[in-house]
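# Structural features, examined
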Amino acid sequence: MAEAERKYRVVIAKPGLDGHDRGAKVVARALRDAGFEVIYTGLHQTPEQIAEAAVQEDADAVGLSILSGAHMTLFPKVVEELAARGARDVLVFGGGIIPPEDVEPLKNAGLAEVFTPGTSLNEIVEWLKKALESRTGATNRGGKNGSA
């Protein structure tokens, strides 16, 4: 399959000690159902493990989920670890229980988007598809019209 026809690859990860992964799994399934290739890393991942998985999987994006309140430390650390591995082009987005006042500092730290409770799965899917298409200039790699 030619590079332009490859599905977008997204790593979904739960950094830190947060043991609740239902939301991450729901987002992972929604992305998979929309045509993305999804790699779920499981619980209790370090930023280093997440970045390494993204590099090894040749991910286009990394989605982070956290409920523990450690987002201001862990999310930027994942961005730093990706940069340290030469993967600055990997789109990083996050979600979970994140106070509104933390959203802008997280974006300033390198997250492309931050989703909070109440965001619909369709909003996440459509945002990710558009964000990745705008970065690559490609179309038809993920989302409902993605190729197999």
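### Some thoughts on the sheet that holds strand β4 (residues 91-96)
- Spatially, the five strands line up as an open sheet ordered β2-β1-β3-β4-β5, and their pairing is parallel. The two strands at the open ends of the sheet, each matched to only one other strand, are β2 (37-40) and β5 (113-115). Averaged over neighbouring strand pairs, the angle between their axes works out to 20 degrees when direction is ignored.
- Of the pairings in the sheet, the one linking strand β1 (residues 9-13) to β2 comprises four bridges and is parallel in character.

### Overview of the side chain of glutamate 81
- Position of glutamate 81 among the secondary structure elements: in helix α3 (residues 71-84).
- If we skip the residues at most four places from it in the chain, glutamate 81 touches Pro47, Glu48 and Ala51.

### Overview of the packing of helix α2 (residues 47-56) against α3
- It is at 8 Å that the axes of α2 and α3 come closest, and there the two elements cross at 45 degrees. One way to sum up the angle between α2 and α3 is to call them oblique. Judged by the sense of rotation from one axis to the other, the crossing of α2 with α3 is right-handed. Seen from α2, the contacting residues are Pro47, Glu48, Ile50, Ala51 and Ala54; seen from α3, they are Leu74, Lys77, Val78, Glu81 and Leu82.
- For the contact of α2 with α3, the per-class residue count stands at seven nonpolar, no polar and three charged.

### Description of the nonpolar core
- Val62, Leu64, Phe75 and Leu82 are the most contacted members of the largest nonpolar core, which has 23 residues in total.
- Contributions of two or more residues to this core are made by β1, α2, β3 (61-66), α3 and α4 (100-108).
- Residue contributions to this core peak at five residues, all from α3.
- Setting aside residues up to four positions removed in sequence, phenylalanine 75 forms contacts with Pro15, Leu64, Ser65, Ile66, Gly94, Gly95, Ile98, Leu106 and Leu111.
- Of all hydrophobic cores here, the second largest spans 20 residues; its members include Ile12, Ala61, Phe115 and Leu132.

Calculation notes
Residues numbered from 1 in each chain as written. Predicted model: local features only at pLDDT ≥ 70, side-chain atom pairs only at ≥ 80, totals over all residues. Heavy atoms only, no water. Pairing = 2+ DSSP bridges. Helix = DSSP H or I, 4+ residues; strand = E, 2+ residues; numbered from the N terminus. Axes fitted to C-alpha atoms, helices over the stretch in contact; angles between N-to-C directions. Contact = heavy atoms within 4.5 Å. Parallel < 35°, antiparallel > 145°, perpendicular 65-115°, else oblique. Left-handed = near helix turned anticlockwise from the far one by under 90°. Nonpolar A, V, L, I, M, F, W, Y, C, P; charged D, E, K, R; others polar. Core = buried A, V, L, I, M, F, W, Y, C linked by side-chain atoms within 4.5 Å. Buried < 20%, exposed > 50% of the residue type's maximum accessible area, 1.4 Å probe, protein only.

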